[in-house]
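In case you want the letters, here they are:
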Amino acid sequence: MELKVLNKLENALFSRSNPSHVPTSGRLVFHALIGGAIISLIVFVLQMTSIGNGTVEIIAGILLAGLFGYMGYKCLPAIKEFPGWGGRIGYVVYMAVITFLSFYLAMMLVMVALLGIFLYVIVKVFFGGSKKGKWKVRYSDGTEEEAEEVGTGICGEKYVSTKDGVEHIVP
């Protein structure tokens with residue numbers, strides 16, 4: 001997978017200083033998105049624990065520096081192709097900005113996904129309503145009797161009650 005828009009942007013920016021430049025940012029942006037999502041989830045879990053805020057920030061900084069290092073390692077052949085320092089520095093800054101934007105986007109997407117899960121659980125628990133339905137209880141002699149659901153067990157089994165008050169378990 002790659003973003004052709006970023007490859008075109010990279011060609012437009014860097015093809016003058018290096019005519020044989022092969023764009024890599026379209027492919028590497030997905031690496032940054034995945035890495036940013038993993039870092040975001042790690043920081044989220046660390047924030048839920050009793051670790052101090054300073055420790056979480058240090059760990060997040062180390063992981064983000066690791067992500068920048070990985071991205072630098074993956075685009076190192078493209079950096080070495082530039083003849084002078086100006087093109088190399090410009091390309092490194094371009095990739096750092098793309099990596100940071102990808103990390104930020106992944107972090108926001110993870111937070112929106114977690115918020116969506118949280119809201120779904122709240123809506124399901126508070127506004128799901130009870131779906132108490134009508135059941136038919138069939139006895140061994142072939143007779144049937146209508147029953148109403150009165151509860152749900154811990155394993156999902158349904159408890160139904162007939163008109164005379166006898167409760168049955170429906171798996």
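Details of the structure are given in the entry above.
These remarks concern the structure in this document.

Calculation notes
Residues numbered from 1 in each chain as written. Predicted model: local features only at pLDDT ≥ 70, side-chain atom pairs only at ≥ 80, totals over all residues. Heavy atoms only, no water. Pairing = 2+ DSSP bridges. Helix = DSSP H or I, 4+ residues; strand = E, 2+ residues; numbered from the N terminus. Patch = residues over 30% accessible without salt bridge, like charges linked within 9 Å, V, L, I, M, F, W, Y side chains within 5 Å. Areas by Shrake-Rupley, 256 points an atom, 1.4 Å probe, with all protein chains shown as cover. Salt bridge = Lys/Arg side-chain N within 4 Å of Asp/Glu carboxyl O. Expected span 1.5 Å × (residues − 1). Buried < 20%, exposed > 50% of the residue type's maximum accessible area, 1.4 Å probe, protein only. Arc of directions from axis to C-beta. Polar contact = N/O pair within 3.5 Å; in protein donor to acceptor, adjacent residues only side chain to side chain. Contact = heavy atoms within 4.5 Å. Axes fitted to C-alpha atoms, helices over the stretch in contact; angles between N-to-C directions.

1. Quick word on the pairing of strand β2 (residues 144-152)
Step number 1: As paired elements, strand β1 (residues 134-138) and β2 share 5 bridges and run antiparallel to each other. Within β2, the position partnered with R138 by the bridge is E144.
Step number 2: In textbook terms, the turn of a hairpin is the stretch between consecutive antiparallel strands, and for β1 and β2 this stretch comprises 5 residues, one of which, G142, has a positive phi near 100 degrees.
Step number 3: The sheet contact formed by β2 and strand β3 (residues 158-162) spans 5 bridges and is antiparallel. Bridge pairing in β3 places T152 opposite K158.
Step number 4: What sits between the antiparallel neighbours β2 and β3 is a turn of 5 residues, in which G156 has the positive phi angle 95 degrees.

2. Observations concerning a nonpolar patch on the surface
Step number 1: On the surface, a nonpolar cluster with roughly 910 Å² of combined accessible area is contributed by F68, W85, I89, V93, V97, F100, L101, Y104 and M108.
Step number 2: Among the elements that take part in the nonpolar patch, helix α5 (residues 85-127) stands out by supplying 8 residues, more than any other.
Step number 3: One can find V93 in helix α5.

3. Overview of helix α3 (residues 53-74)
Step number 1: For α3, with 22 residues, the first-to-last C-alpha span of 32 Å sits near the 32 Å given by 1.5 Å per residue.
Step number 2: Every buried residue belonging to α3 is among V56, A60, L64, L67 and M71, and all of these are buried. The buried residues of α3 all sit within an arc of 65 degrees when viewed along its axis, so they share a single face. Away from its buried face, by an angle of more than 90 degrees, α3 presents the exposed residues I58, I62 and Y73.

4. Some remarks on the pairing of strand β4 (residues 167-170)
Step number 1: Inspection of the sheet shows β3 paired to β4 by 4 bridges, in the antiparallel sense. Bridge pairing in β4 links K158 to V170.
Step number 2: Counting the residues between successive antiparallel strands, the hairpin from β3 to β4 contains 4 residues, one of them, G165, with a positive phi of roughly 95 degrees.

5. Structural notes on the side chain of S25
Step number 1: Structurally, S25 can be placed in helix α2 (residues 25-48).
Step number 2: Looking at S25, its side chain comes within polar contact range of the main-chain oxygen of L6, at 3.5 Å.
Step number 3: Beyond its immediate chain neighbours, meaning those up to four positions away, S25 contacts L6, N7, E10, Y91, Y94 and M95.

6. Some thoughts on the sheet that holds β2
Step number 1: The 4 strands are arranged β1-β2-β3-β4 in an open sheet whose pairing can be described as antiparallel. The sheet is open, and its two borders are formed by β1 and β4, each paired with just one other strand. Each adjacent strand pair in this sheet contributes to an overall mean axis angle of 45 degrees, direction not counted.

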